[in-house]
Amino acid sequence: IVTITGDPVAAGYVQSLAHPGGNITGVSIDAGPSIHTKRIALLREMVPSISRLGCIASRIQWERGVGAAVRAAADAAGVSLISQLLDLPGNATTYGNAIIQVARDGSDAIMVLDSPDVLVNRVSIVQSIADTRLPAIHAISGAVDAGGLMAYAFDLKEVWKHVAHDINAVLRGDNPADIPYYQVSKFELSINLKAANALGIAVPPTLLAVADKVIE
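Residues numbered from 1 in each chain as written. Predicted model: local features only at pLDDT ≥ 70, side-chain atom pairs only at ≥ 80, totals over all residues. Heavy atoms only, no water.

Caption draft 1: Here's a closer look at the sheet that holds strand 8 (residues 182-183). Strands sit in the order 1-2-8 across an open sheet of 3 strands; the sheet is parallel. The open sheet has two edge strands, strand 1 (2-5) and strand 8, and neither has a second partner. Here 4 bridges tie strand 1 to strand 2 (residues 25-28), and the two strands are oriented parallel to one another. Residue pairing in the sheet places T3 in a bridge with G26 of strand 2. (Pairing = 2+ DSSP bridges. Helix = DSSP H or I, 4+ residues; strand = E, 2+ residues; numbered from the N terminus.)

Spelled out as C-alpha cells, the structure:
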C-alpha cells in the first residue's frame, strides 16, 4: 500500500518513517506542529489585528493530535481559538454551516486545515468564507486558485512524484517495509490579490516579496 497521509506513526500505520516495517509506505504531508504556528504568523502578517481565530477541521484529525497542536500555536500567538469540527465526508452545506458558525462566534479570521475532503470542497469553502468577508489562510494552494486569500501549502505535484517513485519501487520488487516514508519539507506561500482587494486588505510588501505565487 502506497499512501499520502498525515503522520503515519501517530495513526499507527507504521513503526517509523525511516523503517515502516510493514506493507505500507508513501508520503507524509505532516510537517509537525510548527506548520500551524507558521500559518497563523503569515495570516497575522496579512491582518495584524487578528485576535480570534476560527479553525475549520475534520473531527478525526483534530482528535488524533492536531487539535492540541493548533491550540498550542494559537496560545503562542496570543489569539483565541474558535474551532468547528466536521465529520467526513463533508459537503458545501456542512462546510458552509461551520464557516458561518465560527463567524457568528466572533472570529475575525479563519484557518482551514488540510485534508482530501477539503481539496474536493475547496470551491464551496472559499465561497462560504468570502460571504463572511473574513480573511483566511488555507493549507491547500488550490483554494487560492479558487479565489481564497492566501495559502501556505505543500507542493502536491512533488508529493505525487514521490508516490509514483514508491509505486515503481514496489512493482520492481522492493519491500515496502524498507522504503522510507517521504516527509514533505517544501511549502509554498500563495496570495490572491483580487481576494485581498475585495476585503480591503493592502498586502504587505514583505509578504509579496516572499510569496511563491501571486494571483492578480
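Caption draft 2: Region of the structure containing the packing of helix 1 (residues 34-46) against helix 2 (residues 59-77). Between helix 1 and helix 2, the shortest axis-to-axis distance is 9 Å and the interhelical angle comes to 40°. With respect to their mutual orientation, helix 1 and helix 2 come out oblique. As helix 1 packs across helix 2, the resulting crossing turns out to be right-handed. Along the contact surface, helix 1 presents H36, T37, I40 and R44, while helix 2 presents V66, A69, V70, A73, A74 and A77. Partitioned by chemical class, the residues of the contact of helix 1 with helix 2 number 7 nonpolar, 2 polar and 1 charged. (Axes fitted to C-alpha atoms, helices over the stretch in contact; angles between N-to-C directions. Parallel < 35°, antiparallel > 145°, perpendicular 65-115°, else oblique. Left-handed = near helix turned anticlockwise from the far one by under 90°. Contact = heavy atoms within 4.5 Å. Nonpolar A, V, L, I, M, F, W, Y, C, P; charged D, E, K, R; others polar.)

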